[in-house]
Amino acid sequence: MPDGALPVLDVRDLKTVFQTRGGEVHAVNDVSFDLRPGELLGVVGESGSGKSVTMMSLLGLLPSPPADVRGGTVTFDGQDLLQLDPEGLRSVRGGKIGFVFQDPMTSLNPVFTVGMQIAEPLRKHMGMSKREAAVRSKELLELVGIPDADQRLQDYPHQFSGGMRQRVMIAIALACDPKVLIADEPTTALDVTIQAQILELMKDLRDKLGMAVIWITHDLGVIAGIADQVMVMYGGQVVEHAPVKELFGNPGHPYTKALLTTIPKISGSREKRLTIIEGQPPILAGAPRACPFRDRCDAAFDRCAVENPARYDVGEGHDVACFHAEGL
Amino acid sequence: MLDQTPAPLVSVRDLKMHFPIYAGLFRRRVGEVKAVDGVSFDVMEGETLGLVGESGCGKSTCGRAVLRLYDITSGEIEIDGREIGAVPQPELRTMRPTMQMVFQDPQASLNPRMTVEAIIKEPLDEHTKLSEAEKREKVAELMDAVGLNRKFAKRYPHAFSGGQRQRIGIARALALNPKFIVCDEPIAALDVSIQAQVVNLLEDLQEKFGLTYLFISHDLSMVRHIATRVAVMYLGKVVELSPREALYAEPLHPYTKALLSAVPEPDPALATTKERIILQGDVPSPSNPPKGCNFCTRCPAVMDICKQDEPKTHEVQPGRYVACHLYNDTAEQTAGTEV
């Protein structure tokens, strides 16, 4: 982590609640993190852990109702994004903060050419003329490694393969030189050989462009290869935050530990039997008053059922939301 | 291994599944998608054969074709001593009890309007003459076996989580005491912490009931865990078939090498030192495969011959089959037998 650098994005106590017919669902509970320039933050969690909702909340991408961002601050560029009006938010989204969505099939508009879709943010946010935008679009396609950029700008999304479409999505997100790029499971829909191409590309681009990246995934293997910092989410909360080597070498939270042993490895010794995490992820009805992981935790004790643990510091840049880490 | 070589329970020879493409005003047949194009393998009794490959390589089609959920284009399929390649569908029904399938998406493969009990009971209604009470008892036993609470028998699928739904699907597949089960990406739709639960369950059931699995997956780490032998598919063909340890320790086919090197390593120390083979380009369309070897458009070790002749499958080491021109010489020396 570059010392002394001010965080480019600072999220404090973010809270998002969904109003449903069955009552309130507390999807994001007091999530705090910061992101420094040039840093790649990996966010890991299972489905329903609140990782995507966190990122969508801070950009105001959730429809309200049912979503209700109840509290917290999101400081970006000296302003609180949660206080911005829709117009102000729109100038941030796609401009200074780029977003890559999970599914490249559904996030591109099928009736416009790829060239038009890349040029759109350039014309809206950067005020470029058509010609300037066309030149820049071509540069962007080349940047993300699409051959024959000139020709391909005229093509429609269906003429691209899955991996190529995800490259187009990345090109659109990068169009306005964002300070922060948020990538929500960008490689989940892709095959491993294509995923490897995209990961290489991202590492390359980050070094070249020096932006900060938030990379959401459920694949710890991807995180190990690409992230500097890792945030583990469970039940709408951050349960552990650590530098990547620290997290894999010295995991603090029982959930992280379990997660690391539950995936089989591609090399090394092969376990006779997989370690499992018993039970199911929690249902997030009502505000959390206890540790969300207690029902599945081997180390749970009385206190876990009556109090929600805070995030305790256990080392340099490493904190763990577990009572066993308190006072370490 | 065992003293005597286990006999193959399932034996597939030169299986082809081509889907016609119709186009134009008169919907004329203009070509075909060669989803599975000449696949041969054996599945030994009691083993798990892993079938891996990227999306679109034909692994799911292959699994379905082996169970004759399609009318295959050509080839022979022998299951439990009976040839089913050309048997008409009505006659096939009587043989269904020995061969079952667990589907990828537990959400889509369970009827939302049927209770769990009705879902698991359906194969019993269809294929057995048990009394209602006996069936209900059997359903309860099956629910115990897959770790579902029997009290939930009257609930509907929507009341269950993904992992539990997959257990319902497994219970249904087990209802008729099958010998052979095709598991088509049974864990792909589940969360990591739930995947391990289902895989352990499949392993337990295999031991308990002496099942034989064809385990189709794109998750190479999971296949390494569960499979005895592994077949790697690329564009409708099996490019390599090996015992698990040998395949992961030393992959032979260039595609297998690239595929294994692309799997992200969940360990930052290893992830940085690991040498990756990054394949260029995308998989060609199965309706228009390249001339010669199907992998020649992306292969890092491509030679002239690869663009001319299709490689034959050779046994280059005992039990290891590879379809690649790189191993033609080794194959001749060992007087390789074709599969």
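Computed from a predicted model, the values in this text were never measured in an experiment. (Residues numbered from 1 in each chain as written. Chains lettered and ligands numbered in written order. Predicted model: local features only at pLDDT ≥ 70, side-chain atom pairs only at ≥ 80, totals over all residues. Heavy atoms only, no water.)

*Asks:* Now, about the overall build of chain A: what can you tell me, with residues and values included?
*Replies:* Broken down by element type, chain A carries ten helices and twelve strands. In summary, chain A has a C-alpha radius of gyration of 21 Å against a globular reference of 20 Å for 328 residues, a match within 12%. Its C-alpha atoms give chain A principal-axis dimensions of roughly 65 × 50 × 45 Å. Every one of the 328 residues in chain A was classed for burial, and the buried ones make up 52%. Contacts in chain A between residues at least 24 apart in sequence constitute 63% of all its contacts with a sequence separation of at least 6. Of the roughly 14400 Å² of accessible surface on chain A, 51% is carried by carbon and sulfur atoms. Distance between charge centroids for chain A: 4 Å, based on 33 positive and 42 negative side chains. (Helix = DSSP H or I, 4+ residues; strand = E, 2+ residues; numbered from the N terminus. Rg over C-alpha atoms; globule rule 2.2 N^0.38 Å. Buried < 20%, exposed > 50% of the residue type's maximum accessible area, 1.4 Å probe, protein only. Contact = heavy atoms within 4.5 Å. Areas by Shrake-Rupley, 256 points an atom, 1.4 Å probe, with all protein chains shown as cover. Lys, Arg positive; Asp, Glu negative; His and termini not counted. Charge placed at Lys NZ, Arg CZ, Asp CG, Glu CD.)

*Asks:* Lay out the overall build of chain B in plain terms, naming residues and giving numbers.
*Replies:* Of the regular secondary structure elements, chain B holds eleven helices and twelve strands. The C-alpha radius of gyration computed for chain B amounts to 21 Å, which stays within 12% of the reference 20 Å derived for 339 residues, consistent with globular compactness. With the principal axes as the frame, chain B shows a C-alpha extent of 65 × 60 × 50 Å. Counting across all 339 residues of chain B, residues that qualify as buried make up 54%. Total accessible area on chain B is roughly 15200 Å²; 50% of this is exposed by carbon and sulfur atoms. Charge separation in chain B, taken as the distance between the mean sites of 39 positive and 45 negative side-chain charges, equals 7 Å.

*Asks:* Can you lay out the environment of A:Asp313 for me, pointing to particular residues and giving the numbers?
*Replies:* Along the polypeptide, A:Asp313 turns up in strand S11 (residues 312-315). A sequence separation of 72 residues divides A:Asp313 from A:His241, and the C-alpha atoms of the two residues are 9.5 Å apart.

*Asks:* So what about the pattern of salt bridges? Which residues, and what values?
*Replies:* All names here are of chain B. Applying the stated rule across the entire model yields 43 salt bridges over all chains. Linking Lys-237 and Asp-37 is a salt bridge whose minimum nitrogen-to-oxygen distance equals 3.4 Å. One end of the pair, Lys-237, is in strand S10 (residues 237-243); the other, Asp-37, is in strand S2 (residues 28-44), with 200 residues separating them in the sequence. With relative accessibility at 16%, the residue Lys-237 sits in the buried group. (Salt bridge = Lys/Arg side-chain N within 4 Å of Asp/Glu carboxyl O.)

*Asks:* Outline the nonpolar core, listing residues and values.
*Replies:* Within the largest apolar cluster, 67 residues are counted, with the highest numbers of intra-cluster contacts made by A:Leu141, A:Val144, A:Ile170 and A:Trp215. Ignoring any residue separated from it by four or fewer positions in sequence, one finds A:Leu141 in contact with A:Ile118, A:Ile146, A:Ala149, A:Arg152, A:Leu153, A:Val168 and A:Ala171. Membership of the second largest hydrophobic core comes to 65 residues, among which are B:Val139, B:Ile194, B:Leu201 and B:Leu260. (Core = buried A, V, L, I, M, F, W, Y, C linked by side-chain atoms within 4.5 Å.)

*Asks:* So what's going on with the sheet that holds strand S5 (residues 82-83) of chain B? Which residues, and what values?
*Replies:* All names here are of chain B. Taken together, four strands build an open sheet; the order of strands is S2-S1-S4-S5 and the sheet is antiparallel. Only two strands of the sheet have a single neighbouring strand rather than two, namely S2 and S5. In this fold helix H1 (residues 59-66) packs onto strand S1 (8-23), S2 and strand S4 (74-79), with an angle of close to 115° to the strand it touches most, S1. (Pairing = 2+ DSSP bridges. Axes fitted to C-alpha atoms, helices over the stretch in contact; angles between N-to-C directions.)

*Asks:* Outline a nonpolar patch on the surface, listing residues and values.
*Replies:* Residue and element names in this part refer to chain A. Residues Val-111, Phe-112 and Met-116 make up a contiguous nonpolar surface patch of roughly 300 Å² in combined accessible area. Locating Val-111 in the fold gives a position in the loop between strand S6 (97-100) and helix H3 (114-125). Looking at Val-111, the relative accessible area reads 59%, which means it is exposed. (Patch = residues over 30% accessible without salt bridge, like charges linked within 9 Å, V, L, I, M, F, W, Y side chains within 5 Å.)

*Asks:* Outline a negative patch on the surface, listing residues and values.
*Replies:* Residue and element names in this part refer to chain B. A cluster of acidic residues, Asp-14, Glu-76, Glu-78 and Glu-83, forms a negative patch at the surface. If you trace the backbone, Glu-76 turns up in strand S4. In this structure Glu-76 comes out as partly exposed when scored by relative accessible area, which is 47%.

*Asks:* Any details on the interface of chain A and chain B? Residues and values, ideally.
*Replies:* With 44 residues of chain A at the contact, the number on the chain B side is 40 residues. Taking both partners together, chain A and chain B bury about 3600 Å²; carbon and sulfur atoms supply 56% of that area. The interface formed by chain A and chain B holds one salt bridge in total. One salt bridge connects A:Arg273 with B:Asp204, and the closest N-O pair in it is separated by 2.9 Å. For the interface between chain A and chain B, the tally reads six residue pairs in polar contact (both at pLDDT 80 or more). Of all elements in the fold, only helix H7 (192-209), helix H8 (220-226), helix H9 (244-249) and helix H10 (254-262) of chain A reach the threshold of two or more residues within the side of chain A that touches chain B. (Buried area = accessible area lost by both parts, 1.4 Å probe. Polar contact = N/O pair within 3.5 Å; in protein donor to acceptor, adjacent residues only side chain to side chain.)

*Asks:* Talk me through unusual backbone geometry; I want residue IDs and the actual numbers.
*Replies:* Leaving glycine out, the prevailing phi sign among residues is negative, and the prevailing peptide bond configuration is trans. A cis amide bond, omega -10°, links A:Ser64 with the succeeding residue A:Pro65. Relative to the assigned elements, A:Pro65 resides in the loop between helix H1 (51-58) and strand S4 (67-76). A cis geometry characterises the amide bond from A:Pro65 onward to A:Pro66, with omega recorded as 10°. Here A:Pro66 lies in the loop between H1 and S4. Backbone geometry at B:Glu185 places phi at a positive 45°, although glycine is not the residue there.

*Asks:* So what about the pairing of strand S7 (residues 180-184) of chain A? Which residues, and what values?
*Replies:* Residues and elements named next belong to chain A. In terms of burial, S7 is a largely internal element, five of the five residues being buried. The alternating pattern of S7 places Val-180, Ile-182 and Asp-184 and Leu-181 and Ala-183 on opposite faces, both of which are buried. As paired strands, S6 and S7 are joined by four bridges and run parallel to one another. Paired with Ile-97 across the two strands is Val-180, which belongs to S7. Looking at chain direction, S7 and strand S8 (residues 212-217) are connected through five bridges and run parallel. The partner of Ile-182 across the bridge, within S8, is Ile-214.

*Asks:* Tell me about the side chain of B:Glu265, and name the residues and values.
*Replies:* You can see B:Glu265 is positioned in the loop between helix H9 (254-262) and helix H10 (268-273). The exposure class assigned to B:Glu265 is buried, which follows from its relative accessible area of 4%. The residues contacting B:Glu265, other than those within four sequence positions of it, are A:Gly221, A:Ala224, A:Ile266, A:Ser267, B:Leu270, B:Ala271, B:Lys274 and B:Arg276.

*Asks:* Explain the packing of helix H5 (residues 162-174) of chain B against helix H6 (residues 192-209) of chain B to me, using residue names and the numbers behind them.
*Replies:* Residues and elements named next belong to chain B. Contact geometry of H5 with H6 gives a least axis separation of 10 Å together with a crossing angle of 20°. What the angle tells us is that H5 and H6 run roughly parallel. Every pair of crossing elements has a handedness; the one defined by H5 and H6 is right-handed. Between H5 and H6, the residues in contact are Gly-163, Gln-166, Arg-167, Ile-170 and Leu-174 and Ile-194, Gln-197, Val-198, Leu-201, Leu-202, Leu-205 and Phe-209, respectively. (Parallel < 35°, antiparallel > 145°, perpendicular 65-115°, else oblique. Left-handed = near helix turned anticlockwise from the far one by under 90°.)

*Asks:* Let's hear about the packing of aromatic side chains: which residues, and what values?
*Replies:* Residues and elements named next belong to chain A. Enumeration over the complete set of coordinates arrives at ten aromatic pairs over all chains. Each ring, one from Tyr-234 and one from Tyr-255, has its centre 4.5 Å from the other, and the planes form 50°; the classification is tilted. With Tyr-234 in strand S9 (residues 229-234) and Tyr-255 in helix H10, this pair connects stretches of sequence that are 21 residues apart. Tyr-255 matches Tyr-234 in its accessibility class, with the two residues each being buried. A ring pair is formed by Tyr-234 and Phe-293, whose centres lie 5.1 Å apart and whose planes are at 85°; its orientation type is edge-to-face. Here the residue Tyr-234 occupies a position in strand S9, and Phe-293 occupies one in the loop between H10 and S11, the gap between them amounting to 59 residues. The exposure class of Tyr-234 is buried, given its relative accessible area of 2%. On the basis of relative accessibility, which here comes to 1%, the residue Phe-293 falls in the buried class. The residue whose ring lies beneath Arg-152 is Phe-160, and the NZ or CZ to ring-centre distance is 4.1 Å. (Phe/Tyr/Trp six-rings, centres within 6.5 Å; stacked < 30°, edge-to-face > 60°. Lys NZ or Arg CZ within 6 Å of the ring centre and 35° of its normal.)

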